[in-house]
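Single-letter residue listing:
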Amino acid sequence: MGKFRGWHIVAGIAAMVLTGILGTVMGLNNTAAFMSSCVAFVAVAMWTDSRISLRRKEKARESAQEAARDDPARPAPDLPLDVERLNRDGHGG
């Protein structure tokens with residue numbers, strides 16, 4: 001799924017459900033199970049988002065290097081530090 005941008009949310013919700021079930025099975029009260037589920041949601045969502053961002057940046061660098069290799073007369077473009085920002089602003093591919 002190329003353009004779907006919510007994988008970090010899906011992963012966080014899955015972690016939240018799993019943690020809630022495990023907390024209830026372990027005998028935690030509802031408040032403790034909910035709080036641990038929230039912590040798991042944030043941790044997994046942030047970790048997944050960072051991994052996806054790293055992959056996208058690496059892919060952009062590799063494609064820029066391949067384009068520079070294909071056309072040696074043209075120098076390799078300098079990539080911005082935040083490739084995702086360009087896509088969100090509507091300036092990128």
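Residues numbered from 1 in each chain as written. Predicted model: local features only at pLDDT ≥ 70, side-chain atom pairs only at ≥ 80, totals over all residues. Heavy atoms only, no water.

1. Re the overall build of the chain
Selection rule: Strands here are runs of E lasting at least two residues and helices are runs of H or I lasting at least four, both read from the DSSP assignment and numbered beginning at the N terminus. Throughout, a contact is declared for two residues whenever any of their heavy atoms are within 4.5 Å. To measure how exposed things are, a 1.4 Å probe is used in the Shrake-Rupley method; for residues, cover is taken only from the protein chains shown.
The secondary structure content of the chain amounts to three helices and zero strands. Going residue by residue from the N terminus, the α and β elements of the chain occur as α-α-α. In the chain, the proportion of contacts linking residues at least 24 apart, taken out of those at least 6 apart, comes to 51%. Total accessible area on the chain is roughly 7300 Å²; 63% of this is exposed by carbon and sulfur atoms.

2. A word on helix 2 (residues 30-70)
Formally: The span one expects for a helix is its residue count, reduced by one, times 1.5 Å. Three labels apply to residues, based on accessible area from a 1.4 Å probe with only protein chains included: buried if under 20% of the type maximum, exposed if over 50%, partly exposed otherwise in between.
When the terminal C-alpha atoms of helix 2 are compared, their 59 Å separation across 41 residues agrees well with the 60 Å that a helix rising 1.5 Å per residue should span. Where helix 2 is concerned, the buried positions are Ala33, Ser37, Ala40, Ala45, Thr48, Ser53, Ala60, Ala64 and Ala68.

3. Observations regarding a nonpolar patch on the surface
Applicable threshold: Like charges within 9 Å and nonpolar side chains (Val, Leu, Ile, Met, Phe, Trp, Tyr) within 5 Å are joined into patches, using only residues over 30% in relative accessible area that form no salt bridge. Salt-bridge detection follows one rule: a side-chain nitrogen of Lys or Arg within 4 Å of a carboxyl oxygen of Asp or Glu.
A surface patch of nonpolar side chains, amounting to about 460 Å² of accessible area, comprises Ile9, Ile13, Val17, Ile21 and Val25. Locating Ile13 in the fold gives a position in helix 1 (residues 7-25). Take Ile13: its relative accessible area is 44%, and that puts it in the partly exposed class.

4. Describing a negative patch on the surface
Quick note on the threshold: The positive count covers Lys and Arg only, the negative count covers Asp and Glu only, and His and the chain ends enter neither. Where a charge sits is defined by one atom per residue type, namely NZ (Lys), CZ (Arg), CG (Asp) or CD (Glu).
A cluster of like negative charges, contributed by Glu58, Glu62, Glu66, Asp70 and Asp71, occupies part of the molecular surface. Relative to the helices and strands, Glu62 resides in helix 2. Exposure remark for Glu62: the relative accessible area of 47% places this residue in the partly exposed category.

5. Some remarks on the side chain of Ser37
Heads up, the rule is: Polar contacts, as used here, are pairs of N or O atoms within 3.5 Å; protein pairs need one atom able to donate a hydrogen and one able to accept it. Residues neighboring in sequence count only if both atoms are side-chain atoms.
The residue Ser37 is located in helix 2 in this model. Classification of Ser37 by relative accessible area gives buried; the value is 5%. For Ser37, the side chain forms a polar contact with the main-chain nitrogen of Gly20, separated by 3.1 Å. The contact partners of Ser37, leaving out residues within four places of it in the chain, are Met16, Thr19 and Gly20.

6. Thoughts on the packing of helix 1 against helix 2
Heads up, the rule is: Every axis corresponds to a line fitted to the C-alpha atoms, with the helix fit spanning only the stretch in contact, and the corresponding angles, defined between N-to-C directions, vary from 0 to 180 degrees. For this classification, under 35 degrees means roughly parallel, over 145 means roughly antiparallel, 65 to 115 means roughly perpendicular, and everything else is oblique. Left-handed describes a crossing whose near helix is turned anticlockwise from the far helix by less than a right angle; the clockwise case is right-handed. Residue classes follow a fixed rule: Ala, Val, Leu, Ile, Met, Phe, Trp, Tyr, Cys and Pro count as nonpolar, while Asp, Glu, Lys and Arg count as charged, and any other residue, Gly among them, counts as polar.
The interhelical angle for the contact between helix 1 and helix 2, taken along N-to-C directions, is 150°, at an axis separation of 7 Å. The angle between helix 1 and helix 2 falls in the class roughly antiparallel. Crossing hand, helix 1 versus helix 2: right-handed. Residue-level contacts link Trp7, His8, Ile9, Ala11, Gly12, Ile13, Ala15, Met16, Thr19, Gly20, Gly23 and Thr24 of helix 1 to Ala33, Phe34, Ser36, Ser37, Cys38, Ala40, Phe41, Val44, Ala45, Thr48, Asp49 and Ile52 of helix 2. Along the lines of polarity and charge, the residues of the contact of helix 1 with helix 2 split into 14 nonpolar, nine polar and one charged.

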